[in-house]
Structure formats: C-alpha cells, structure tokens
Amino acid sequence: MTNNHVTVLEIDSKALEHNLNYFKKKLNASTKILAVVKAFGYGSDGVLVGDFLKDKVDYFGVAYAQEGIALREAGIENPILVLHPQIVNFNDIIDYKLEPTLYNFKTLEAFLQLADERLLMNYPVHLNFNTGLNRLGFWHSDLELIIAKLKESKHVKVESIFSHLAASEDLEEKEFSINQINNFAYIVKQIYETLGYEPFLHMLNTSGVINYSKAQFDMVRVGIGLYGFGNDDAETAQLKNTHNLYSVISQIHLIEPGETVGYNRAFVAKAPTKTATVPIGHADGIPRSLGNKKGYVLVGGQKAPIIGNVCMDMMMIDVTKIDCKEGDQVIVFNSQQMIEDMAYASETIPYETLTAISSRVKKMLK
Ligand SMILES: *Cc1c(COP(=O)(O)O)cnc(C)c1O
C-alpha cells in the first residue's frame, strides 16, 4: 500500500490478544468467540486484525458482504457471519463462502430461491430474532412460517440462531435485558422442538459478556471489548488500548497578539503564541467540534489544545509552552482515556470516535 500521508494508526496486536484473553477468561472453555471486525475493525483495519486473530477465534463477524469479501481475499478461512446482508449481495456471499444472517421473510425467501437455483446443499445461514432492539430480526410470531419454509428446503442449514441485546451496558435496564434473554430461550426451545436439528446459539456482545455471562449460550460476539473498551471504567482498566493514532508537526508559526489562526480567524492570539500545524483533519476523522480548544493532542508528553477550526486535512495546535520543533511526533491518542476524552468532548462515544478514523489514514499492525 502506498500512502505518504504521515498520519498513522498503529494497531497494537499485543493489546488485541490481551483483550481477547480477558474475555476468554470470563467464558466457559467451550464457548466459541466471534470477533467483530466490521467497519474496518472499528476504524483500524479489519484485514490486519482478522489476520492476527484468525487462529485465536472461531468466527468473524462483519456487517456487510464487502467486508467479508476483503477478509476472504486476504486468505482468511474462518467462518464469517454477515450480520446485515443485502439481497443484491447474496451471489457474492455464496461465491466467497460467507454466511448470511436471514432476518425477515424477504431475505429468507430470496436466499432460499437462490440456493435452489445454485443447487446448494445445506448452505450455512443464521437466523436473527428480534427480542426488543427492534432493529433487525424475525418476530416470535413468524416462527411457524419460518420452520415450514426451512423444512421444505435441503439447500440451507440453519447454523445458528441469535438475537441482540438493546441495553446490555446499562444495568438500569437489567429487567429488560433478562426479558430479552428469556424470550430468546423460549423461541429457541420452540425451534428445537420443530426444526428437527439444533442450531447453535448466541446473544451477547461485549457488555453482554460483562453483565450477563450466564447467557453466553454457544458463542459470543465481541467487538468494542477487543479494541479496549468495557462498559465502565473498571472494566476498561482491565483492557488494553489497541488504537494508537500518531501524526507529526508539519510547521511551526510564531504569531503576535491580535493575529489569528485558521479559517474564519476563529483563534485570536492574546499573547505571543507558538502554533503547530498537524496533517490530520476532519477528513481523517477528527471531528470539527474538537476545534477551539475542545480537544487536545500530546506533544512531548504535554497537552496541546486544538485551536481554531479543524480543517479538512490539517489542524493547528497551541504549543506555546512546549519545547518542540517541526517533524516532532504528535499523539492524537494512545490510551483509552484520550479516546474517551475525544469522544466525550465531541459529544459521542468511543465506538463513533474509533470508526470515524478514515481510510486515508495509514494503518499498521505492530
Ligand atoms: C456490532 C455488533 C456486535 C458487537 O458489539 P460490541 O458492543 O462492539 O461488542 C455484536 N453483535 C451484533 C449483532 C452487532 O451488530
């Protein structure tokens, strides 16, 4: 990959492995692990992460077919669950041996028809049931019809049945979550009684594993936890940071009181000021809302506030009190704390801060 943009996201493989082992210890030895590598491995690189984890996990999970194809093209052979496939991609899904989630009658019928046309036998598919998130999934009341359709087809085999919690991180919603788990178990019981075989089961994401590990069933789907975030400070402290975003100082300016920095002259110097220009901007995933001292980076171990408006390709920081020069390293983040600070300062959560890191940023696994 040629990429001369010096801003780099380093993915820490030791931290990934530590985090994976942290979750493994919380689970029964027989529970399978699906590593969620959708959205470019939460803003890093799904292929690099997948390649590193392929011998350490059972399954990979992606949202869309294209993300699974990228893993296959990199030679990754684990089963890959596509959580939110689109009917137009079903042929690709089959060509690349990806395993689709079927979540409504439209996807079920389309896949059964294609499986028939392509003479597939026992092709693995996964059924998603809605137990309260109301995002994707069959309803409990769909059961009879689903079973009837599946029973008359030899072309597909239901590999697993799953559901997804709506508020697994929020213990104030414990009653709701336990209800979801119980409803899921009830749906499964009926399927087991009528389908004629027993697909494996999964329900928990990262905070589900942390809060409801009794409901681990046969597999768990861990995403954000692999990348260093639990659902509270105590859990996050047990995990290691995987995403380290580095840049450099391109240029330093010494400006006089009354001079301004950046578009719309948003920063006005009140005193002699030393500023540094850094080659990372909102097109790389730095929210524009972090400008005007809402966000900071580290230079020489010290906090340097972002001043003025974040530009598309760069931003300016105040390094008046920092001994630094052109070419010095800038740490945009290298700890969970810095990622959380950045997320909260831009009124979002680490999930969004991480996945916002754009494809222009070079990614490396170290
Ligand atoms: C994204 C996703 C996950 C992973 O969730 P985390 O909170 O990141 O662990 C698990 N299951 C489904 C269905 C998802 O969409």
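In what follows, the structure referred to is the one given above.
Residues numbered from 1 in each chain as written. Predicted model: local features only at pLDDT ≥ 70, side-chain atom pairs only at ≥ 80, totals over all residues. Heavy atoms only, no water.

Caption draft 1: Looking closely at the side chain of Thr348. For Thr348, the position within the fold is in the loop between α11 (336–345) and α12 (350–355). A polar side-chain atom of Thr348 sits 2.5 Å from a polar atom in the side chain of Glu352. (Helix = DSSP H or I, 4+ residues; strand = E, 2+ residues; numbered from the N terminus. Polar contact = N/O pair within 3.5 Å; in protein donor to acceptor, adjacent residues only side chain to side chain.)

Caption draft 2: Structural view of the pairing of strand β17 (residues 315–318). Neither face of β17 is left uncovered, since the one carrying Met315 and Ile317 and the one carrying Met316 and Asp318 both have all their residues buried. Taken together, the four bridges between strand β14 (residues 273–278) and β17 define a ladder with antiparallel strand orientation. Note on β17: the bridge partner recorded for Val278 is Met315. Bridge count between strand β16 (residues 302–307) and β17: two bridges; the pairing is antiparallel. The residue bridging Ile307 from the neighbouring strand is Met316, located in β17. (Buried < 20%, exposed > 50% of the residue type's maximum accessible area, 1.4 Å probe, protein only. Pairing = 2+ DSSP bridges.)

Caption draft 3: Focus on the packing of aromatic side chains. In this structure the tally under the stated criterion is nine aromatic pairs. Arranged with centres 4.7 Å apart and planes meeting at 25°, the rings of Tyr42 and Tyr227 form a pair that is stacked. Of this pair, Tyr42 sits in helix α2 (residues 38–43) while Tyr227 sits in the loop between β9 (219–222) and α10 (233–238), placing them 185 residues apart in sequence. The exposure class of Tyr42 is buried, given its relative accessible area of 6%. Here a set of aromatic residues connected by ring pairs shows up, and it is made of Tyr42, Tyr227 and Tyr351. Sitting over the ring of Phe52, Lys56 keeps its end group 4.1 Å from the ring centre. When the ring centre of Tyr296 is taken as reference, the NZ or CZ atom of Lys303 above it lies at 4.5 Å. (Phe/Tyr/Trp six-rings, centres within 6.5 Å; stacked < 30°, edge-to-face > 60°. Lys NZ or Arg CZ within 6 Å of the ring centre and 35° of its normal.)

Caption draft 4: Layout of the side chain of Asp284. Position of Asp284 relative to the elements: it lies in the loop between β14 and β15 (296–299). A distance of 2.8 Å separates a polar side-chain atom of Asp284 from the backbone nitrogen of Gly281. Sequence-distant contacts of Asp284, defined by excluding residues within four places in its chain, comprise His5, Pro279, Met312, Asp313, Ala356, Ile357, Ser358, Arg360 and Val361. (Contact = heavy atoms within 4.5 Å.)

Caption draft 5: Summary view of the site of the ligand. In the vicinity of the ligand, 13 residues are found, and the nearest of them are Lys38, Tyr42, Thr206, Ile224 and Tyr351. Within the side chain of Arg221, an N or O atom sits 2.8 Å from a nitrogen atom of the ligand. In the model, an oxygen atom of the ligand is placed 2.9 Å from a nitrogen or oxygen of the Gly223 main chain. About the coverage of the ligand: the protein hides 92% of its 390 Å² of free accessible area. (Near = heavy atom within 4 Å. Areas by Shrake-Rupley, 256 points an atom, 1.4 Å probe, with all protein chains shown as cover.)

Caption draft 6: Expanded view of the pairing of strand β18 (residues 329–333). With respect to burial, β18 is a largely interior element, four of its five residues being buried. Across four bridges, the pairing between strand β10 (residues 243–248) and β18 is antiparallel. Paired with Val248 across the two strands is Gln329, which belongs to β18. The pairing of β15 with β18 spans two bridges and is classified as antiparallel. Bridge pairing in β18 links Leu298 to Ile331.

Caption draft 7: Looking closely at unusual backbone geometry. Located in the positive-phi region is Phe40, a residue other than glycine, with phi close to 55°. Inspection of the secondary structure assignment puts Phe40 in helix α2. Its relative accessible area of 61% is what places Phe40 among the exposed residues. Although it is not a glycine, Asn264 adopts a positive phi angle of roughly 65°. Looking at the secondary structure, you find Asn264 in the loop between β12 (260–261) and β13 (267–268). Judged by relative accessible area, which is 65%, Asn264 ranks as exposed.

Caption draft 8: Local environment of the sheet that holds strand β1 (residues 8–11). Spatially, nine strands are ordered β11-β14-β17-β16-β15-β18-β10-β1-β19 in an open sheet, and the strand pairing comes out mixed. Each of the sheet's edge strands pairs with one partner strand only, and the pair in question is β11 (251–255) and β19 (362–365). Direction aside, the axes of adjacent strands within the sheet are offset by 35° on average. Strands in contact with helix α3 (residues 46–53) are β1 and β19; relative to β19, the strand with the most contacts, it is inclined by about 10°. On top of the sheet, α11 reaches β10, β15 and β18; it is set at about 70° to β18, its chief contact. (Axes fitted to C-alpha atoms, helices over the stretch in contact; angles between N-to-C directions.)

Caption draft 9: Geometry of the pattern of salt bridges. For the structure on display, the rule yields ten salt bridges. Linking Asp284 and Arg360 is a salt bridge whose minimum nitrogen-to-oxygen distance equals 2.9 Å. Here Arg360 lies in the loop between α12 and β19 and Asp284 lies in the loop between β14 and β15, a separation of 76 residues in the sequence. What makes Asp284 buried here is its relative accessible area of 1%. Judged by its relative accessible area of 31%, Arg360 is partly exposed. (Salt bridge = Lys/Arg side-chain N within 4 Å of Asp/Glu carboxyl O.)

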